[in-house]
Amino acid sequence: MKTISILIPAYNESANLRNLLEELNCLVSSDYIIEVKDDTPEGSVHSHTICMKDYQWEYLFVNDGSKDDTLQILRQLRKEDSKVNIVNLSRNFGKENALLAGMDYATGDALVIMDADLQDPVSIVPEMIYWWEQGYDDVYGTRSDRGKESWIRKRLSLSFYYILQKMTRIEILPNTGDFRLLDKRVVMAIISLRETQRYTKGLYSWVGFNKKQVLFKRHDRVGGKSSFNLLSLFNLAIEGITCFTTAPLRVSSCLGLVASTCALLYMVYIFIKTLIWGDPVQGYPTLICTILFFSGAQLLAVGIIGEYIGRIFNETKSRPVYIVESFNEQKVS
Ligand code: UDP
Ligand code: MG
């Protein structure tokens, strides 16, 4: 019998865990009839029955240093349901690191990653399993609808995907997050990448394998509040760019090249002009503008280089990505 692990990172999710467990238990005890479109160009629609009882299930919660009673609730749930396993991190390490911790501890032949806040509909899982059984290794959910979200957040995140896509050769899919089913070998590939500054969405693409898209409608968060504000999303965006491309460095060298060519031409012009017409002192505004423009450009370039040096600094320390305090009730030393 194949085992499927469901990995759920949880940070201050006490309001959602019971509902989530109920939904999961409902999911794993039912049969589902799903309608899927063939992979062929004609794409005829077939219906299939997916028997969830044919699989063994593990719910792997990673408590990412929650400040509320998430851990107590998880321990209670584990007493009621032996499918629940708990990786308790020693502090809050952030979702990306919590995901790696979960992947390290997951035992299943496949791993389904979902959020604890019920935004990812469990009803899509049977379709993911269907495609996995058809031989796909990474069945990823793409939001056909982003749920309740501010206009600015939606715009910014779409523009970020656009920029990242233009800059890297790795395909980063818009509206696609961590909600996906991964075959064990994809999980093994991802856990072999121990970089400390993680941008998991990029790593899924980087490792490759056979991918398949399923569409879903993202629900609104049920309880609690999102831990990602605009600033943390901005940081994640910088992480995404700097982890996967050195294009900004190249852009700054190109800008430098263009600027020095212009400066050279201007120098020749000034030189000839002075030779022909002499040099009544003039050009204070030009001087100030040029100095300001170039100091700005230099600071920007230094900043970009600094971002990369900071990352080299962090990687060379080679600290572990996360620290586990306990697994289930056992303390990890
Ligand atoms: N999460 C986490 N550690 C963090 C922040 C979030 O494990 O430091 C988890 C959180 O509990 C949830 C998932 O990551 O299960 C997604 O977080 P959230 O709903 O806040 O993000 P959003 O859906 O707004 O992008
Ligand atoms: Mg959420």
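Here, every reference points to the structure presented above.
For clarity, every value in this text was computed on a predicted model and none was experimentally measured.

Engineer: Describe in detail the environment of Ser326, supporting the description with residues and values.
Structural biologist: With respect to the helices, strands and loops of the structure, Ser326 is situated in strand β10 (residues 324-327). For Ser326 and Ile113, which are 213 residues apart along the polypeptide, the C-alpha to C-alpha distance reads 21 Å. Here Ser326 is in contact with Arg75, Ile86, Val87, Asn88, Lys331 and Val332, once residues within four sequence places are set aside. Engagement of the side chain of Ser326 in a polar contact is seen with the side chain of Arg75, the distance being 3.4 Å. In this structure the side chain of Ser326 is engaged in a polar contact, spanning 2.9 Å, whose partner is the side chain of Glu325.

Engineer: Tell me what's going on with the nonpolar core, and back it up with residues and numbers.
Structural biologist: Of all hydrophobic cores here, the largest spans 43 residues; its most connected members are Ile6, Trp57, Tyr59, Phe61, Met114 and Ile129. Apart from the residues lying within four places of it in its own chain, the contact partners of Ile129 are Ile4, Ile50, Met52, Tyr55, Trp57 and Leu181. Ala98, Val186, Leu193 and Tyr322 belong to the second largest nonpolar core, which has 37 residues in total.

Engineer: Help me get a handle on the coordination of the magnesium ion (ligand 2), residues and values and all.
Structural biologist: At 1.9 Å from the magnesium ion (ligand 2) lie its protein donor atoms, namely Asp117 (OD) and Gln119 (OE1). Like Gln119, Asp117 is buried.

Engineer: Let's hear about the side chain of Arg143: which residues, and what values?
Structural biologist: Relative to the helices and strands, Arg143 resides in strand β7 (residues 138-145). In contact with Arg143, not counting residues within four places along its chain, are Tyr161, Asn175, Thr176, Phe216 and Arg218.

Engineer: Explain the pattern of salt bridges to me, using residue names and the numbers behind them.
Structural biologist: Applying the stated criterion to the full structure yields 16 salt bridges. Put simply, Asp104 and Arg194 hold a salt bridge, and the shortest N to O gap is 3.0 Å. Remark: Arg194 occurs in the loop between α6 (184-191) and α7 (200-207) and Asp104 occurs in helix α3 (residues 95-105); sequence separation between them is 90 residues. On the basis of relative accessible area, Asp104 is assigned to the partly exposed category, the value being 26%.

Analysis parameters
Residues numbered from 1 in each chain as written. Chains lettered and ligands numbered in written order. Predicted model: local features only at pLDDT ≥ 70, side-chain atom pairs only at ≥ 80, totals over all residues. Heavy atoms only, no water. Helix = DSSP H or I, 4+ residues; strand = E, 2+ residues; numbered from the N terminus. Contact = heavy atoms within 4.5 Å. Polar contact = N/O pair within 3.5 Å; in protein donor to acceptor, adjacent residues only side chain to side chain. Core = buried A, V, L, I, M, F, W, Y, C linked by side-chain atoms within 4.5 Å. Buried < 20%, exposed > 50% of the residue type's maximum accessible area, 1.4 Å probe, protein only. Donors = N, O, S within 2.8 Å, 3.2 Å for Na, K, Ca; no water. Salt bridge = Lys/Arg side-chain N within 4 Å of Asp/Glu carboxyl O.

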